[in-house]
Amino acid sequence: MLTLHRLVQEKTGSRLQACQGCLFCDSHTSAEMDITISALVQMVIYNDFEVLTTRTLWSDAVLDGARKACTHGFNLHGAILALREEATRRGVTDGGGA
Ligand code: SF4
């Protein structure tokens with residue numbers, strides 16, 4: 001079974017383990033979020049499947065903002081879509097809010 005960061009890398013070409021931790025992505029906020037985008041990235045890196053149930057993952061406002069959220073070129077928009085797809089494949093429901 002693929003780890004989450006490997007799954008994201010295969011779907012988007014982005015290797016999230018190389019995240020610089022600059023926290024620029026955290027300037028994108030939404031009332032729908034329960035965790036920051038950088039925290040979402042860290043959960044993916046640590047293969048924490050709880051990320052699949054976060055409201056942040058399922059927020060369309062976050063998804064829109066994710067297109068330009070990373071200054072280091074990571075495709076966070078694609079990563080979110082890949083994680084949503086994986087959650088759906090696993091029958092995981094969203095975080096109950098978005
Ligand atoms: S903006 Fe990109 S490099 Fe910086 S913390 Fe967020 S994901 Fe990592």
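Residues numbered from 1 in each chain as written. Predicted model: local features only at pLDDT ≥ 70, side-chain atom pairs only at ≥ 80, totals over all residues. Heavy atoms only, no water.

**Student:** Explain the environment of L81 to me, please; I cannot follow it from the model alone.
**Tutor:** Along the polypeptide, L81 turns up in helix α5 (residues 76-89). Separated by 12 residues in sequence, L81 and A69 have C-alpha atoms that sit 14 Å apart. (Helix = DSSP H or I, 4+ residues; strand = E, 2+ residues; numbered from the N terminus.)

**Student:** Help me understand unusual backbone geometry, please; the structure alone is not making it clear to me.
**Tutor:** Negative phi values dominate among residues other than glycine, just as trans dominates among peptide bonds. A positive phi angle, near 70°, is found at L23, a position not held by glycine. Tracing the chain through its elements places L23 in the loop between α1 (4-12) and α2 (37-45). Although it is not a glycine, N47 adopts a positive phi angle of roughly 55°. Overall, N47 belongs to the partly exposed group, its relative accessible area being 28%. (Buried < 20%, exposed > 50% of the residue type's maximum accessible area, 1.4 Å probe, protein only.)

**Student:** Help me out: how do you make sense of the site of the ligand in this one?
**Tutor:** As a structural note, the neighbourhood of the ligand is formed by C19, Q20, G21, C22, L23, F24, C25, A69, C70, T71, H72 and F74. When its residues are assigned to classes, the shell around the ligand shows 8 nonpolar, 4 polar and no charged. (Near = heavy atom within 4 Å. Nonpolar A, V, L, I, M, F, W, Y, C, P; charged D, E, K, R; others polar.)

**Student:** Before we go on, may I ask you to explain the pattern of salt bridges in this structure?
**Tutor:** Proximity of charged atoms lets side chains of opposite charge pair with each other. According to the stated counting rule, one finds 5 salt bridges in the structure shown. As a salt-bridge pair, E10 and R6 come within 3.7 Å of each other at their nearest N and O atoms. Placement of the pair is E10 and R6 together in helix α1, with a separation of 4 residues, close to one helical turn. Of the residues examined, E10 reaches a relative accessible area of 52% and is grouped as exposed. Residue R6 is classed as partly exposed on the basis of its relative accessible area, which comes to 44%. With a closest N to O distance of 3.1 Å, D60 and R84 form a salt bridge. Taken together, the residues D60 in helix α4 (residues 60-65) and R84 in helix α5 connect sequence positions 24 residues apart. On the basis of relative accessible area, D60 is assigned to the partly exposed category, the value being 47%. (Salt bridge = Lys/Arg side-chain N within 4 Å of Asp/Glu carboxyl O.)

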